[in-house]
Amino acid sequence: MTDASAAIKDAAEEAANSVISAHGIAVEDEESCFEALCWALGTGVPYEKGLLQFAQAIVDGFDLKGLVDTKIELLGDYKLDYPQDYEPEDVSCMRAELERLRSLQQQLTRPAG
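Residues numbered from 1 in each chain as written. Predicted model: local features only at pLDDT ≥ 70, side-chain atom pairs only at ≥ 80, totals over all residues. Heavy atoms only, no water.

Visitor: Now, about the overall build of the protein: what can you tell me, with residues and values included?
Guide: Secondary structure summary: the protein contains five helices and zero strands in total. Along the protein, from the amino end to the carboxyl end, the secondary structure elements read α-α-α-α-α. Relative to the globule expectation of 13 Å for 113 residues, the C-alpha radius of gyration of the protein, 19 Å, shows a markedly less compact shape. Taken along the three principal axes of its C-alpha coordinates, the protein extends 60 × 35 × 20 Å. The buried share of the protein, reckoned over its 113 residues, is 25%. Summarising the internal contacts of the protein: among those between residues at least 6 apart in sequence, 46% fall at separations of at least 24. Here the protein displays about 8,000 Å² of accessible surface, and carbon together with sulfur accounts for 53% of that area. (Helix = DSSP H or I, 4+ residues; strand = E, 2+ residues; numbered from the N terminus. Rg over C-alpha atoms; globule rule 2.2 N^0.38 Å. Buried < 20%, exposed > 50% of the residue type's maximum accessible area, 1.4 Å probe, protein only. Contact = heavy atoms within 4.5 Å. Areas by Shrake-Rupley, 256 points an atom, 1.4 Å probe, with all protein chains shown as cover.)

Visitor: Got a sec to walk through the packing of helix α4 (residues 64-79) against helix α5 (residues 88-109)? Specific residues and values, please.
Guide: Here α4 crosses α5 at 150 degrees, and the two axes come no closer than 9 Å. As far as their axial angle goes, α5 and α4 are roughly antiparallel. Where α4 crosses over α5, the two elements pack in a sense that is left-handed. On the side of α4, the interface is formed by Leu64, Lys65, Val68, Asp69, Lys71, Ile72, Leu75, Gly76 and Lys79, while α5 contributes Met94, Glu97, Leu98, Leu101, Arg102, Leu104, Gln105, Leu108 and Thr109. Here the residues of the contact of α4 with α5 are counted per class, giving nine nonpolar, three polar and six charged. (Axes fitted to C-alpha atoms, helices over the stretch in contact; angles between N-to-C directions. Parallel < 35°, antiparallel > 145°, perpendicular 65-115°, else oblique. Left-handed = near helix turned anticlockwise from the far one by under 90°. Nonpolar A, V, L, I, M, F, W, Y, C, P; charged D, E, K, R; others polar.)

Visitor: Please provide a residue-by-residue account of α4, values included.
Guide: Between its first and last C-alpha, α4 extends 21 Å over 16 residues, near the 22 Å set by a 1.5 Å rise per residue. Among all positions of α4, only Gly66, Val68, Ile72, Leu75 and Gly76 are buried. Those residues of α4 that are buried are in contact with α5. (Expected span 1.5 Å × (residues − 1).)

Visitor: Explain the environment of Trp39 to me, using residue names and the numbers behind them.
Guide: Relative to the assigned elements, Trp39 resides in helix α2 (residues 33-40). The exposure class assigned to Trp39 is exposed, which follows from its relative accessible area of 68%. Sequence spacing of Trp39 and Ile25 is 14 residues, and the spatial spacing of their C-alpha atoms is 10.0 Å.

As structure tokens, this is what we get:
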């Protein structure tokens, strides 16, 4: 397993642990937290709530908001401050990307329901 794959697996396990702990779900012998969450969805944890909590734990674990904030800073404060350094088409693409990132930033800022 590559380092990235292991990090993703570990993050999924931590996120699942967060959700099952919040719902008082026990982990059986040799069962992973992720497996326990999968078994609990629908019976011990409502599907939508459990999946939203799992997704929020993943976002929090990887600091996706921090990554998006950094990308916005790079584009908005550095690259687009010097548009003369880029082709007009590239500047348009960067502006469109900046709009998408700001939209994503707003979505990541909202609390999970």
